[in-house]
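Take a look at the letters that make up each chain.
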Amino acid sequence: MIFAFFLTIIILQRLSELVLAKRNEKRLLNLGGQEHGKRHYPWIVALHSLFLLSFLLEVLLFDKQLSPLWMVILPIIVFTQIIRYWAVFSLGPYWNTKIIIVPNLEIVAKGPYKYMRHPNYLVVAVEILFLPILFQAYATAVTFTLLNAVILSIRIPAEERALAEHTADYDETFSWKKRFVPRKGEE
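## Quick look at the overall build of the chain
And step 1. The number of helices and strands found in the chain is 6 helices and 2 strands.
And step 2. When the elements of the chain are put in sequence order from the N terminus, they spell out α-β-α-α-β-α-α-α.
And step 3. The C-alpha radius of gyration of the chain comes to 17 Å, within 12% of the 16 Å expected for a compact globule of 187 residues.
And step 4. For the chain, the spread of C-alpha atoms along the principal axes amounts to about 50 × 35 × 25 Å.
And step 5. Burial statistics for the chain: of 187 residues in total, 44% are counted as buried.

Written out as structure tokens, the structure is:
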């Protein structure tokens, strides 16, 4: 029952994000946005789809139960959701699951982007690790954490190259910020 509740929330969250991303994609393309990273995007979609399937199957087939450490794990997951929506709302109409850059627009450097370059990717990495651990689905947690690291090693440099190439202030705004570790103030 608890697992079904969590899985339903995750699926509804992902579907609503896809609707928002599609709406933002249309708007960005109409503004002259250019998509980058088309070759790796299907791998991201596959990774996230297979993650949910693996999570579901591991929990159901192996009768996994809520972790006895759920009181520690659940706040981590809730905190990541706060950061997720802070990032999404901070980017507003520029948030997307694809890399779509409108040339010469000002870089968004508010919200969590004020402190790090990629808060949304950090959230996804934490989710991919801790959602399965919440239900003791350790094979899914380890496998998809590793696969996500591989995908992000392709995705993040592609996104950073596109932003640096098509915006005037990306390097200046983000050069002192770490990808995943918050830093306050310019160095």
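Back to the text.
## Topic: a nonpolar patch on the surface
And step 1. A cluster of nonpolar side chains, L50, L53, L57, L61 and F62, forms an exposed patch at the surface whose accessible area comes to about 530 Å².
And step 2. Counting through the fold element by element, F62 comes out in the loop between α2 (41-61) and α3 (70-91).

## A look at the nonpolar core
And step 1. Grouped together as the largest cluster of nonpolar side chains are 20 residues, with contacts concentrated most on F55 and F135.
And step 2. Sorting the residues of this core by element identifies α1 (2-30), α2, α3, α4 (119-134) and α5 (138-166) as the ones contributing at least two each.
And step 3. Dropping the residues within four chain positions of it, F135 is found in contact with I2, F3, F6, F55, V59, K64, Q65, L66 and S67.

## Notes on the pattern of salt bridges
And step 1. Across all of its chains, the model carries 7 salt bridges by this definition.
And step 2. Among the salt bridges present, the one from R155 reaches E159, with a minimum N-O distance of 3.8 Å. Pair noted here: R155 and E159 are both in helix α5, with a separation of 4 residues, about one helical turn.
And step 3. Residue classification places E159 among the buried residues on the basis of a relative accessible area of 16%.
And step 4. One continuous salt-bridge network, built from bridges that share partners, spans R14, E17, R84 and E127.

## A short note on α2
And step 1. Compared with an ideal rise of 1.5 Å per residue, which puts 21 residues at 30 Å, α2 spans 30 Å between its outermost C-alpha atoms and is within 8% of the ideal.
And step 2. Every buried residue of α2 is listed here: Y41, I44, L47, F51, L52, F55, E58 and V59. Mapping the buried residues of α2 onto a view down its axis gives an arc of 140°, with all of them on the same face. Across α2 from its buried face, at more than 90 degrees, point the exposed residues W43, L60 and L61.
And step 3. For α2, the secondary structure elements touched by its buried residues are α1, α4 and α5.
And step 4. Among the residues trailing α2, D63 stands out with phi positive, at a value near 50°.

## Notes on the packing of aromatic side chains
And step 1. Applying the stated rule across the entire model yields 8 aromatic pairs.
And step 2. With a centroid separation of 6.2 Å and 55° between ring planes, the pair formed by F55 and F135 is classed as tilted. Note that F55 is positioned in helix α2 and F135 in the loop between α4 and α5, a separation of 80 residues in sequence. Taken individually, F55 and F135 each receive the classification buried, so the pair is uniform in this respect.
And step 3. For the ring pair Y85 and F89, a centre distance of 6.4 Å and an interplane angle of 40° mean the geometry is tilted.

Calculation rules
Residues numbered from 1 in each chain as written. Predicted model: local features only at pLDDT ≥ 70, side-chain atom pairs only at ≥ 80, totals over all residues. Heavy atoms only, no water. Helix = DSSP H or I, 4+ residues; strand = E, 2+ residues; numbered from the N terminus. Rg over C-alpha atoms; globule rule 2.2 N^0.38 Å. Buried < 20%, exposed > 50% of the residue type's maximum accessible area, 1.4 Å probe, protein only. Patch = residues over 30% accessible without salt bridge, like charges linked within 9 Å, V, L, I, M, F, W, Y side chains within 5 Å. Areas by Shrake-Rupley, 256 points an atom, 1.4 Å probe, with all protein chains shown as cover. Salt bridge = Lys/Arg side-chain N within 4 Å of Asp/Glu carboxyl O. Core = buried A, V, L, I, M, F, W, Y, C linked by side-chain atoms within 4.5 Å. Contact = heavy atoms within 4.5 Å. Expected span 1.5 Å × (residues − 1). Arc of directions from axis to C-beta. Phe/Tyr/Trp six-rings, centres within 6.5 Å; stacked < 30°, edge-to-face > 60°.

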